[in-house]
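Inside the fold
The chain contents come next:
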Amino acid sequence: MGTQPKIYVAGHRGMVGSAIVRTLTARGHDAQCILTRTHAELDLVNQLAVADFFASEKPDEVYLAAARVGGIHANNTYPAEFIYDNLMMQANVIQAAHAHGVQKLLFLGSSCIYPKFAPQPMAEDALLTGKLEPTNEPYAIAKIAGIKLCESYNRQYGRDYRSVMPTNLYGPGDNYHLQNSHVIPALIRRFHEARVTAAAQVEIWGTGTPRREFLYVDDMAAASVYVMNLSQEDYAAQVQPQLSHINVGSCSDVTIAELADAVARATGYAGRIVFDPDKPDGAPRKLMDSGRLNAMGWRATVALEEGLARGYRDFLGHTAREK
C-alpha cells in the first residue's frame, strides 16, 4: 500500500458512497487502501461493532456517506427510523474515529438542514434560522447534529472533521422504488414503465411549480474528495468554527414540471404529463448557494440533460439485473 492513506468509505454501497469509491479509484488509490463494509458485515448503529472495526482496521481518513435516506413518502412513514438510525450511525462513526486517532473525516449531510422558507439561494448561514420542512424534519435534525458533532470535536480536540451538504442527488446506484425513492429515480421508473406500456399519461405528485436543484452524483463525489484534500489553511479561509459546513450544488434549478419534461425526453416517453395538486409539494424552492465551494476552486461539470441520460442507462442496467 506504500504511503497511501487507508480510507474508510462508510456507506460504499449507497449512491454517494459508491461514487466516492469510483472517484478515489480513478484517482489512483489502491483498492487495498479503501476500506468498505456491508451492513451485514458492520451495523453502524451498533456502537461496539463500530469501535471494534476502527480498533482493528485503523483507517487514516473517513468518508461518512452512510445514511438512511428516502423521499417524502419514506420520511413521512418512518420518521422514528430516520432520526434514530442517522443519529446513531453518525455518533458512532465520529466518536470511534476520534477515539482511534483519525484526524481527517468528511461528513455528508443534506440540503434539508435549512429552514423551509430560507432565503434563496440558501447560504450556509441560514442554518438554524427557522422552522424545517415538516415532511423531513427528523432526517434534517439528525444531519444538523452530524455537522455539530464534527464542529465540536474540532473545537475541543483539534480534529479536522469537515461537512459537505449536497443538493438533491441522482445518478448511478440510485434507488428506483416508486414510493421510497427521491424524485428523479421515481420519475425515471414511472416514465419508463409508461413508455413500455404505452400509457396515455403520467401523473405527478403536487402542482409542478416547486423549484429544485439537482447534482449528478459523480460531481458530488468529486466535490467530496476535493474538500477532503484541501489544505487546512484553504478550508479555514472559507469557514468558521461553528459554521463550517460547505454547500455542494450545481448553481441552477428547475421546476418539477420542467424536470418531468426532461425525464420524459430522456426515457423516450411521448404521452401527457398531469399533476395532482392535492398531493404535497414540499418546500417551494430549494437552491443552494455554493459560493463557498466555488471560492475554493470547485464547480459541477455534468449538465442535467446529460446526467439524466446517464441515469436512465443506469436504470436500464438495474432493471436488467432484477430479471
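Here the structure is a predicted model, which is why all the values come from computation and not from measurement. (Residues numbered from 1 in each chain as written. Predicted model: local features only at pLDDT ≥ 70, side-chain atom pairs only at ≥ 80, totals over all residues. Heavy atoms only, no water.)

What about the overall build of the chain?
Rules: By the criteria applied, helices consist of DSSP H or I runs no shorter than four residues and strands consist of E runs no shorter than two, each listed in order from the N terminus. Radius of gyration here is computed from C-alpha atoms only, and the compact-globule reference equals 2.2 Å multiplied by the residue count raised to the power 0.38. Note on classification: 1.4 Å probe, protein chains only; a residue is buried when its accessible area is under 20% of the maximum for its type, exposed when over 50%, partly exposed between these limits. Two residues qualify as a contact provided that any one of their heavy atoms is within 4.5 Å of a heavy atom in the partner residue. Note on areas: these come from Shrake-Rupley sampling with a 1.4 Å probe, and a residue is covered only by the protein chains present in the view. The sign given to each residue is positive for Lys and Arg and negative for Asp and Glu; His and the chain ends receive no count. By convention, the point assigned to a charge is CZ for Arg, NZ for Lys, CD for Glu and CG for Asp.
For the chain, the helix and strand inventory stands at 11 helices and 13 strands. Relative to the 2.2 N^0.38 estimate, which gives 20 Å for 323 residues, the radius of gyration of the chain is 19 Å and therefore close to what a compact globule would have. The proportion of buried residues among the 323 residues of the chain is 51%. By sequence separation, contacts in the chain at least 24 residues apart represent 82% of the contacts at least 6 residues apart. Accessible surface, the chain: about 14,300 Å² in total, of which carbon and sulfur atoms supply 51%. Taken together, the 31 basic and 34 acidic charged side chains of the chain have centroids lying 1 Å from each other.

Some thoughts on the sheet that holds strand β13 (residues 285-286)
By definition, the strands of a sheet pair up through backbone hydrogen bonds, in either a parallel or an antiparallel sense. Condition: By definition, two strands form a pair when at least two bridges between them are found by DSSP.
In space, the three strands of this open sheet follow the order β11-β8-β13, with mixed pairing throughout. Edge positions in the sheet fall to β11 (254-255) and β13, since each of these pairs with one other strand and no more. When strand β8 (residues 211-212) meets β13, the two strands line up parallel, connected through two bridges. Among the inter-strand pairings, R211 is bridged to a residue of β13, identified as R285.

Regarding the side chain of H192
Note the threshold: In protein, a polar contact requires one atom able to donate a hydrogen and another able to accept it; more generally it is a pair of N or O atoms within 3.5 Å, and residues adjacent in sequence count only if both atoms are side-chain atoms.
Relative to the helices and strands, H192 resides in helix α6 (residues 183-197). Of note is the side chain of H192, whose polar atom sits 2.8 Å from the side chain of Y312.

What to know about the environment of W205
For W205, the location among the structural elements is in strand β7 (residues 201-205). Residues within four places of W205 in sequence aside, it is in contact with D276, K279 and P280.

Here's the deal with the packing of aromatic side chains
Defined as follows: Centres within 6.5 Å make a pair out of two Phe, Tyr or Trp rings, where for Trp the six-membered ring is used; the pair is then stacked when the planes are under 30 degrees apart, edge-to-face when over 60, and tilted otherwise. To sit over a ring, a charge needs its Lys NZ or Arg CZ within 6 Å of the ring centre and within 35 degrees of the ring normal.
Evaluated as defined, the whole model comprises 10 aromatic pairs. Centroid distance F53 to F54: 5.5 Å. Interplanar angle 90 degrees. Geometry classified as edge-to-face. Between Y153 and Y161, the ring centres sit 6.4 Å apart and the planes meet at 40 degrees, which makes this aromatic pair tilted. Each member of the pair Y153 and Y161 is classed as buried. Following the ring pairs from residue to residue traces out a cluster consisting of Y8, F53 and F54. Of note, R162 hangs over the ring of Y235, and the distance from its end group to the ring centre comes to 4.3 Å.

Notes on the pairing of strand β4 (residues 104-108)
Heads up, the condition is: Whether a crossover is right-handed depends on one test, that the path from the first strand over the helix to the second runs clockwise when the strands point away from the viewer.
Of all five residues making up β4, four are buried, and the element is well covered by its neighbours. Note that strand β3 (residues 61-64) and β4 share four bridges and pair parallel. Note that in β4 the partner of E61 across the bridge is K104. Bridging between β4 and strand β5 (residues 160-166) involves five bridges; their strand directions are parallel. Directly across from F107, in β5, lies its bridge partner S163. Crossover handedness for the path β4 to helix α5 (residues 137-157) to β5: right-handed.

Section: α5
Just so we agree on the cut-off: In a helix, the anticipated span is given by 1.5 Å times the number of residues less one.
Compared with an ideal rise of 1.5 Å per residue, which puts 21 residues at 30 Å, α5 spans 30 Å between its outermost C-alpha atoms and is within 8% of the ideal. Residues of α5 that are buried in the fold lie against α3 (72-77), α4 (79-99), β4 and β5. In the stretch just after α5, G158 is the one whose phi turns positive, near 75 degrees.

Remarks on unusual backbone geometry
Peptide bonds are mostly trans, and most non-glycine residues show a negative phi. Following Q120, the chain continues into P121 via a peptide bond in cis, with omega recorded as -10 degrees. Assignment of secondary structure puts P121 in the loop between β4 and α5. Even without glycine at this site, A198 takes up a positive phi of about 60 degrees. Turning to its location among the elements, A198 is positioned in the loop between α6 and β7. Judged by relative accessible area, A198 falls into the exposed class, the value being 66%.

As for the pattern of salt bridges
What counts is decided by this rule: The rule for a salt bridge is simple: a side-chain nitrogen of Lys or Arg has to be within 4 Å of a carboxyl oxygen of Asp or Glu.
Applying the stated rule across the entire model yields 14 salt bridges. Between E57 and K6 there is a salt bridge, with its nearest N and O atoms 3.8 Å apart. Separated by 51 residues along the polypeptide, E57 in helix α2 (residues 47-57) and K6 in the segment before β1 (7-10) bring together distant segments of the chain. Considered together, E57 and K6 belong to a single accessibility category, that of buried residues. One salt bridge connects R310 with E306, and the closest N-O pair in it is separated by 2.9 Å. Pair noted here: R310 and E306 are both in helix α11 (residues 304-322), with a separation of four residues, about one helical turn. Take E306: its relative accessible area is 35%, and that puts it in the partly exposed class. One network of salt bridges, with partners in common, ties together K6, R37 and E57.

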